[in-house]
Every structure is written in structure tokens, then in C-alpha cells.
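Each chain, letter by letter, is given below.
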Amino acid sequence: SCHSSSYLDVWVSSSGECKPCHGSCAGCTGGSESQCTDCPEGRHLYDGYTGDWCYDCLDSSHCAEGEGCLSDYTCQTCHATCDSCSTPEINGCTSCHSSSYLDVWVSSSGECKPCHGSCAGCTGGSESQCTDCPEGRHLYDGYTGDWCYDCLDSSHCAEGEGCLSDYTCQTCHATCDSCSTPEINGCTSCHSSSY
């Protein structure tokens, strides 16, 4: 019997001779790189139809964070737009940075594209596909989409301002001390000299 990193070659003599495995194998049935039975630490055994090889990766789960597994079974850094990837190409992203979304058409990987400028996080590129808003803006969960607005009600506006129907803050009417809308009939409290 031979050590784990060698194999018994019976073609040399009737009793056989222990020969070293290929350098990519930790255990083997022969001297070829396609005759591995075990791999060195950090490498992975690929059980193929025509042989068994040791590779750096079989999929991206074998690579470090921010890397993807290429078709030659090596790990490479993901494209800069990706948070994680199945391949390092621009369309190999499996997740994206917070201010972008994954545009997938056929497979589980795709291209990371930027969110609309009004969104801090999103599910698509439209202004109605926000999942998070920039500081100071508020997420409106609507029936047909989710938008980021300056205000949803007057509590989101500064003192002396009201929230308009277009979700922007505007100064209250001059007769109001506070308001729900900036029109004259939008007062919620009046100056001490008015009623």
C-alpha cells in the first residue's frame, strides 16, 4: 500500500511501485491531474464524467466575499458594481450595493444598475421602485409603487411649514402659527391675535 499522496503503479512490476500523485491532487488513483480522489486544503474535488480534478472553486461559495468563480474554476474579484457574483463580469452579479438593483432577465445573476436619484435603495430603476430613502426624505408605500418624498404629512416639515399635496414642504399661510397645508384654510393653530 502507498501513502495518501501516491498511488500503486502495477504496470512497472508485478509487486507494483508507489508513484506520486499529480501536484494538484492530495490523493489519487493515477499520476494524471484527472485522477484525483482528494484535494489539498482550499481546493475542491470536481467529479467529472471523464475524470476527477482539484480546482480552486466549483461555484462562488468557494471564493472569498466579493469574488466569483470563473469557468476555468478560479476565483476572481467581482465587477465593481457587484456586492456578490457568480462570475466577475458586469452581468455576473448576484447581489448589488445598496444604491443599485439587480437587473436579471434569464438566470439568477445579472447586472447591477443604479437606483433612481430619489431612492437610497430600490427594486428597479424607476422613481416608484424605492425601498429606502436618502436622509430627510420619507418612503410613501403606494398601491402602484413606493416613492421617496420630502414629506408625507406636516410632521415631516419644519415648524411653520405644511405638507402640500405634491409631498413638498411649504411655509404656512401668514395667518397660521402651524398648519397641515400652507393654504389659508390649512391652519391647525393660529397666531395669538387671530382665531
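As a starting point, this report considers the structure included with it.

Definitions and cut-offs
- Residues numbered from 1 in each chain as written.
- Predicted model: local features only at pLDDT ≥ 70, side-chain atom pairs only at ≥ 80, totals over all residues.
- Heavy atoms only, no water.
- Phe/Tyr/Trp six-rings, centres within 6.5 Å; stacked < 30°, edge-to-face > 60°.
- Helix = DSSP H or I, 4+ residues; strand = E, 2+ residues; numbered from the N terminus.
- Patch = residues over 30% accessible without salt bridge, like charges linked within 9 Å, V, L, I, M, F, W, Y side chains within 5 Å.
- Areas by Shrake-Rupley, 256 points an atom, 1.4 Å probe, with all protein chains shown as cover.
- Salt bridge = Lys/Arg side-chain N within 4 Å of Asp/Glu carboxyl O.
- Buried < 20%, exposed > 50% of the residue type's maximum accessible area, 1.4 Å probe, protein only.
- Disulfide = S-S within 2.5 Å.

Points about the packing of aromatic side chains
So, step 1. One pass over the full model with this rule turns up eight aromatic pairs.
So, step 2. Geometrically, the ring pair formed by tyrosine 55 and tyrosine 73 is stacked, given 4.2 Å between the ring centres and 15 degrees between the ring planes. Residue tyrosine 55 is located in strand 6 (residues 52-55), and its partner tyrosine 73 is located in the loop between strand 7 (67-69) and strand 8 (75-77); the two are separated by 18 residues in the primary sequence.
So, step 3. Within the aromatic cluster, the residues linked to one another by ring pairs are Tyr46, Trp53, Tyr55 and Tyr73.

Some words on a nonpolar patch on the surface
So, step 1. Taken together, Leu8, Val10 and Trp11 make up a surface patch of nonpolar side chains, about 410 Å² in accessible area.
So, step 2. Among the structural elements, tryptophan 11 can be located in the loop between strand 1 (6-9) and strand 2 (17-20).
So, step 3. The exposed category is assigned to tryptophan 11, whose relative accessible area is 82%.

Side note on the pattern of salt bridges
So, step 1. Summed over all chains, the structure comprises four salt bridges.
So, step 2. Here arginine 43 and aspartate 56 are joined by a salt bridge, their closest N and O atoms 2.9 Å apart. Separated by 13 residues along the polypeptide, arginine 43 in the loop between strand 4 (36-38) and strand 5 (44-47) and aspartate 56 in the loop between strand 6 and strand 7 bring together distant segments of the chain.
So, step 3. When the shortest N-O distance is used, the salt bridge between lysine 113 and aspartate 103 registers 2.8 Å. Taken as a pair, lysine 113 in strand 12 (residues 111-114) and aspartate 103 in strand 11 (residues 100-103) lie far apart in primary sequence, 10 residues in all.
So, step 4. A relative accessible area of 29% means that lysine 113 is categorised as partly exposed.

Describing the state of the cysteines
So, step 1. If you walk through the whole model with that rule in mind, you get 16 disulfides.
So, step 2. Between cysteine 96 and cysteine 112 runs a disulfide, and the two sulfur atoms are separated by 2.0 Å. Disulfide cysteine 96-cysteine 112: the torsion about the S-S bond is -90 degrees, which places it as left-handed. Here cysteine 96 is found in strand 10 (residues 93-96), whereas its partner cysteine 112 is found in strand 12, with 16 residues between them in sequence. Of the two residues examined, cysteine 96 and cysteine 112, each falls in the buried class.

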